[in-house]
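# A closer look at the structure
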Amino acid sequence: MQHTKSFFIPTFLIFFLSLGLYDFPVTSYFVAWLGSFYVFYFTWFSKQRIINDDLPIASQIMRPIFLLQLIFAGFMCCTSIFLLLDHLGYEYFDKVKTENFVAVDYTYLIAKCQRLSFLAHISLVWGILIVSKTKSKRTCYDFNTKNLDFSWLKLGLLFYVVAVIFQLANGLFQFSIYFNNLAIFSSLILLLRGLNNKNGLLIAYGATIFGINFINATLTGFKEHIIVNFIILFALLFPKYKKTIAVIFIPVVYLLLYILPTYSGIIRNQSWSGDKTAQEARNEALETIIQDQNDEEIEQTNWNFLVYRFSEISMFTHFVEYVPKKKDFYHFEILENSIIALIPRILYQDKPITELVAMERVYDAGVVEQGANVSAKTRPVVDGYLSFGYIGVFSFLLALGYLTQLLCNTAERWFGGYEFGCIVMFNGCFQVLWRGNNFEFMLNNILYGFITMWLVFIVLRKMNILTPKR
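This write-up is about the structure you can find in this document. Everything numeric here is computed off the predicted structure, so don't read it as measured data.

Scanning the protein for helices and strands turns up 19 helices and 4 strands. Looking at the protein as a whole, 52% of its 470 residues are labelled buried. Here the contacts in the protein between residues at least 6 apart in sequence split such that 73% fall between residues at least 24 apart. Carbon and sulfur atoms provide 62% of the accessible area of the protein, an area that totals close to 22900 Å².

This is the structure we're talking about:
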């Protein structure tokens, strides 16, 4: 851990500075909020950055220190600014409340949650950095083929077929999700290789599979599915089209944030209720967005989304207010529930339903009312806090960062390096790590994601497709 001192010393100084400014909650908030941007700067741009030098930076942005950190910490730490602005009396960047601002209890809650989020960001990245420079002496494997593109094309098709079979088989639906992700990521690296090599077959295959997945995402009613598709596409195209992606990234994100809350709301209200098909709801959602008279409604819907849904700090404040003031910390209870959730139901017929167990603390804290048709699950930073407070956030997120990079290293060691190992296998099997989930679901997803990756590795080894590197 000697090489990470240049990271954790200044970042923890910033954290303790924000903690020392407790009596000035808005200032404390901004110190912690800007601290996350310092972490991004240090790990991506500074001369002291600690990254692998096997590839140019632009060619390894699907690794955890780049893509996962951007999504995980971006949502957890940076988007909270909208809640604070709303609390200070702003809507977008226009002040709508004329009275002078006075800090209240809720101001202190927002600042505390931001400090906890910043601590989580530091810990997650520190865990990643500890492992990223570790050199494994274990055997590395590579693809034993003369035509790598064709082999990956066959694997991509196989992943897609297996995903369909598992989707139809009772009790194997979870594995179908992993293989579907593997098929999508395979199609995207084939699209990229097709563009690089001007191979029409690879371009057609990659664009078709990605297009089908994107169309399906527009029918789900989930904003995250659409945003994730764009993030993946931009991340993979960035090494070849740096200037183009850099120019269009912010306008595209702005456009998505402008239209998706209204678009997804209409899909959910109409198709989820069964009143209309998903296709009909999508058409109506698109018509609503392009009509000028709906601009005011769209802007109000979007602001509410930015304040209360884009960032989950609003929900975090409920938990921080509830624990330990009204209820003692959960200690190891959440972890115990998570371990129980790993046991297959066939071995434990009376196993509690994981969804209900995870939602109990949400109801207890008053985040949503029991019986409400929502799933407001906690995130790792929340479960870490509920377990042991600041110590829980630090220790659990440090462990999560360590495990994340360890899984990525394993995937690259087993599957020939960054391109197939990290892009396809790691991100395909462990996409849940991008934003995290409550401990019960996340540990389950990690375990079965690892089983999926291990099974693929074993099969390809038996078929002599993967062989030890000489």
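In this section: a negative patch on the surface. On the surface, Glu-333, Glu-336, Glu-360 and Asp-364 cluster together into a patch of negative charge. Where the negative patch is concerned, the elements lending two or more residues are helix H14 (333-342) and helix H15 (354-364). Along the chain, Glu-333 turns up in helix H14. On the accessibility criterion, Glu-333 (36% relative accessible area) is partly exposed.

A separate point is the environment of Glu-336. With respect to the helices, strands and loops of the structure, Glu-336 is situated in helix H14. It is 8.9 Å that separates the C-alpha atoms of Glu-336 and Glu-440, two residues lying 104 residues apart in sequence.

All right, on to the packing of aromatic side chains then. What characterises a pair of aromatic rings is the spacing of the ring centres plus the angle enclosed by the ring planes. Per the stated rule, a full pass over the model turns up 44 aromatic pairs. Their ring planes at 35 degrees and their centres at 4.6 Å tell us that Phe-8 and Trp-126 sit as a pair that is tilted. With Phe-8 in helix H1 (residues 5-20) and Trp-126 in helix H5 (residues 105-132), the pair connects residues that are 118 residues apart, well separated along the chain. Each member of the pair, Phe-8 together with Trp-126, is buried. Aromatic pair Phe-316 and Tyr-385: ring centres 6.3 Å apart, planes at 75 degrees, arrangement edge-to-face. With Phe-316 in helix H13 (residues 313-322) and Tyr-385 in helix H16 (residues 380-388), this residue pair connects regions lying 69 residues apart in the sequence. Both residues of the pair, Phe-316 and Tyr-385, count as buried. Ring pairing ties together the aromatic residues Tyr-29, Phe-30, Trp-33, Phe-37, Phe-40, Trp-44, Phe-45 and Phe-66, which thus form one cluster. The positively charged end of Lys-377 is found above the aromatic ring belonging to Phe-441, 5.2 Å away from the centroid. Looking at Arg-435, its charged tip hangs above the ring of Phe-75, at a distance of 4.2 Å from the centre.

Attention now goes to unusual backbone geometry. The omega angle of the peptide bond from Val-323 to Pro-324 is 5 degrees, so this bond is cis rather than trans. Note on placement: Pro-324 falls in the loop between H13 and H14. Positive phi, normally seen in glycine, also occurs at His-331, with a value near 55 degrees. Its location among the elements puts His-331 in the loop between H13 and H14. Residue classification places His-331 among the partly exposed residues on the basis of a relative accessible area of 36%.

This part is about the pattern of salt bridges. Overall, the coordinates contain 9 salt bridges when judged by the stated rule. A salt bridge links Asp-54 to Arg-63; its shortest N-O distance comes to 2.9 Å. Residue Arg-63 is classed as buried on the basis of its relative accessible area, which comes to 3%. Glu-419 is the salt-bridge partner of Arg-193, the closest N and O atoms lying 2.9 Å from each other.

Right, let's get into a nonpolar patch on the surface. Nonpolar side chains collect at one region of the surface, where Ile-340, Ile-343, Ile-346, Leu-347 and Tyr-348 lie side by side and expose about 480 Å² of accessible area between them. Along the polypeptide, Ile-346 turns up in the loop between H14 and H15. Residue classification places Ile-346 among the exposed residues on the basis of a relative accessible area of 69%.

In this section: the nonpolar core. Core analysis: the biggest nonpolar cluster contains 139 residues, and Phe-159, Phe-415, Phe-420, Met-425 and Leu-433 have the highest contact counts within it. For this core, the leading source of residues is H5, giving 15 residues.

What follows concerns helix H17 (residues 390-414). The end-to-end C-alpha separation of H17 is 36 Å, in line with the 36 Å expected for 25 residues at 1.5 Å each. Gly-416 occupies a position one or two residues after H17 and carries a positive phi of about 80 degrees.

Reading guide: rules and limits
- Residues take numbers from 1 onward in each chain, read along the sequence in its written order.
- The model is predicted, so local features are restricted to residues of pLDDT at least 70 and side-chain atom pairs to those at 80 or more, both for listing and for counting; the totals for chains, interfaces and linings are taken over all residues.
- Side-chain calculation: all heavy atoms of the structure are included, whereas hydrogens and water are not.
- By definition, any uninterrupted DSSP run of H or I lasting at least four residues is a helix, any uninterrupted run of E lasting at least two residues is a strand, and each is numbered from the N terminus.
- Think of it in three bands: with a 1.4 Å probe and only protein chains considered, a residue is buried below 20% of the maximum accessible area for its type, exposed above 50%, and partly exposed in between.
- The contact criterion used is simple: two residues touch if any of their non-hydrogen atoms lie within 4.5 Å.
- Throughout, the Shrake-Rupley method with a 1.4 Å probe supplies accessible areas, and for residues the shown protein chains are the sole cover considered.
- Here, patches come from residues exposed beyond 30% relative accessible area and free of salt bridges, joined within 9 Å for like charges and within 5 Å for nonpolar side chains (Val, Leu, Ile, Met, Phe, Trp, Tyr).
- Salt bridge criterion: a side-chain nitrogen from Lys or Arg within 4 Å of a carboxyl oxygen from Asp or Glu.
- His is not counted, nor are the chain ends; Lys and Arg add positive charge and Asp and Glu add negative charge.
- In this description, the location of a charge corresponds to atom NZ of lysine, CZ of arginine, CG of aspartate or CD of glutamate.
- Here a pair means two rings of Phe, Tyr or Trp (six-membered ring of Trp) with centres within 6.5 Å. Their orientation is stacked below 30 degrees between planes, edge-to-face above 60, and tilted elsewhere.
- A ring is scored as having a charge over it whenever the NZ atom of a lysine or the CZ atom of an arginine sits within 6 Å of its centre and within 35 degrees of its normal.
- Among buried residues, the Ala, Val, Leu, Ile, Met, Phe, Trp, Tyr and Cys ones that are joined through side-chain atoms within 4.5 Å form a nonpolar core.
- Take the number of residues in a helix, subtract one, and multiply by 1.5 Å to get its expected span.

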